[in-house]
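Descriptive analysis of the structure
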Amino acid sequence: MKVSAKAIMRTSPLYSYWQTNQNELDEEERLLMVNEEDVSSSLFKNEPYKWENLYQSIIREICNGDKSAINGLLIVLNTVKEDYRERIILSLRDEKIFDEETLDLLNSKKKVEFKKKYKTLRFLRILFAIFTNPYCIKLNRKKHHLYEKTGAFFFSIRKLF
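None of the values given here were measured: they were computed from a predicted structure.

**Considering the overall build of the protein**
Regarding its fold elements, the protein presents 9 helices and 0 strands. Since a compact globule built from 161 residues should have a radius of gyration of about 15 Å, the 15 Å found for the protein is in line with a globular shape. Projected onto the principal axes, the alpha-carbon positions of the protein cover approximately 40 × 35 × 30 Å. Expressed as a percentage of contacts within the protein between residues at least 6 apart in sequence, the contacts between residues at least 24 apart total 66%. As displayed, the protein offers around 9,300 Å² of accessible surface, 57% of which is attributable to carbon and sulfur atoms. Distance from the positive charge centre (29 side chains) to the negative charge centre (23 side chains) of the protein: 7 Å.

**A few points about the packing of helix 4 (residues 48-63) against helix 5 (residues 70-77)**
Across the interface, helix 4 lies against helix 5 with an axial gap of 9 Å and an inter-helix angle of 150°. It follows that helix 4 is roughly antiparallel to helix 5 by the angle criterion. The two elements helix 4 and helix 5 meet at a crossing, and its hand is left-handed. From helix 4, W51, L54, Y55, I58, I59 and I62 reach across to helix 5, where they touch I70, G72, L73, V76 and L77. Each residue belonging to the contact of helix 4 with helix 5 can be placed in one class, and the counts come to 10 nonpolar, 1 polar and no charged.

**Topic: helix 5**
Burial within helix 5 is extensive, with 6 of its 8 residues counted as buried. For helix 5, the set of buried residues is I70, N71, L73, L74, V76 and L77. At its buried positions, helix 5 is contacted by helix 4, helix 6 (82-94) and helix 7 (100-108).

**Section: helix 9 (residues 146-160)**
Each turn of an α-helix holds 3.6 residues, which means side chains three or four residues apart point in the same direction. Taking 1.5 Å per residue, 15 residues should reach 21 Å; helix 9 reaches 22 Å between its end C-alpha atoms and fits that length. Those residues of helix 9 that sit buried are Y147, E148, G151, A152 and F155. All buried residues of helix 9 fall inside an arc of 135° around its axis, so they share one side. Within helix 9, the exposed residues directed more than 90 degrees away from the buried face are L146 and L160. Against the buried residues of helix 9 lie helix 4 and helix 8 (119-132).

**Concerning the nonpolar core**
If you look at the biggest cluster of nonpolar residues, it comprises 41 residues, and the most contacted ones within it are Y55, I59, L73, L92, I97, F98 and L106. When contributions to this core are tallied by element, the ones reaching two or more residues are helix 1 (5-11), helix 3 (41-46), helix 4, helix 5, helix 6, helix 7, helix 8 and helix 9. With 8 residues, helix 4 is the largest single contributor of residues to this core. Discounting residues that sit within four places of it in the chain, L92 has contacts with T11, Y55, I59, I97, F98, L103 and L106.

**A short note on the state of the cysteines**
Covalent bonding between the sulfur atoms of two cysteines is what defines a disulfide. For the structure on display, the rule yields 0 disulfides. Note on C63: no disulfide assigned, nearest cysteine sulfur contributed by C136 at a separation of 18 Å. Taking the relative accessible area as the measure of exposure, C136 reaches 37% and is therefore partly exposed.

The rules behind each value
Residues numbered from 1 in each chain as written. Predicted model: local features only at pLDDT ≥ 70, side-chain atom pairs only at ≥ 80, totals over all residues. Heavy atoms only, no water. Helix = DSSP H or I, 4+ residues; strand = E, 2+ residues; numbered from the N terminus. Rg over C-alpha atoms; globule rule 2.2 N^0.38 Å. Contact = heavy atoms within 4.5 Å. Areas by Shrake-Rupley, 256 points an atom, 1.4 Å probe, with all protein chains shown as cover. Lys, Arg positive; Asp, Glu negative; His and termini not counted. Charge placed at Lys NZ, Arg CZ, Asp CG, Glu CD. Axes fitted to C-alpha atoms, helices over the stretch in contact; angles between N-to-C directions. Parallel < 35°, antiparallel > 145°, perpendicular 65-115°, else oblique. Left-handed = near helix turned anticlockwise from the far one by under 90°. Nonpolar A, V, L, I, M, F, W, Y, C, P; charged D, E, K, R; others polar. Buried < 20%, exposed > 50% of the residue type's maximum accessible area, 1.4 Å probe, protein only. Expected span 1.5 Å × (residues − 1). Arc of directions from axis to C-beta. Core = buried A, V, L, I, M, F, W, Y, C linked by side-chain atoms within 4.5 Å. Disulfide = S-S within 2.5 Å.

Function cannot be read off these values alone, since they describe shape.
Pasting the structure below:
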């Protein structure tokens with residue numbers, strides 16, 4: 001199934017955040033989404049750029065047939081509060097990104113056993129995405145990590161062309 005990049009972007013809870021100046025007020029609003037009870041939530045809380053890359057990369061992996069990536073998406077979705085998680089799943093349905101079977105698996109919140117034939121390649125593709133910012137995530141906030149700096153660099157290069 002061919003899914004547009006814009007459709008995937010719109011399903012992210014951070015979609016509007018990337019359109020802001022990412023100042024203190026914007027940060028406070030973003031942090032209201034964090035599921036403090038989840039051990040993985042520090043990713044969403046402290047590294048939104050990496051979270052966004054993971055989110056978009058995993059969705060693309062699933063769209064390209066790697067159903068085992070659903071377990072990764074479940075982990076990513078657990079980093080946000082339940083009402084945001086539900087909104088994301090509704091957006092994925094509204095944007096027709098996933099079929100009903102995949103949406104049911106996401107709603108069940110249960111880890112699913114699949115063959116993991118893509119694991120190494122998926123890891124490398126996601127790592128590459130984090131450093132090269134193929135999803136054109138606009139980083140206005142201070143860049144603390146090397147991958148944020150390289151991502152911002154590649155974003156500025158893309159804007160030139």
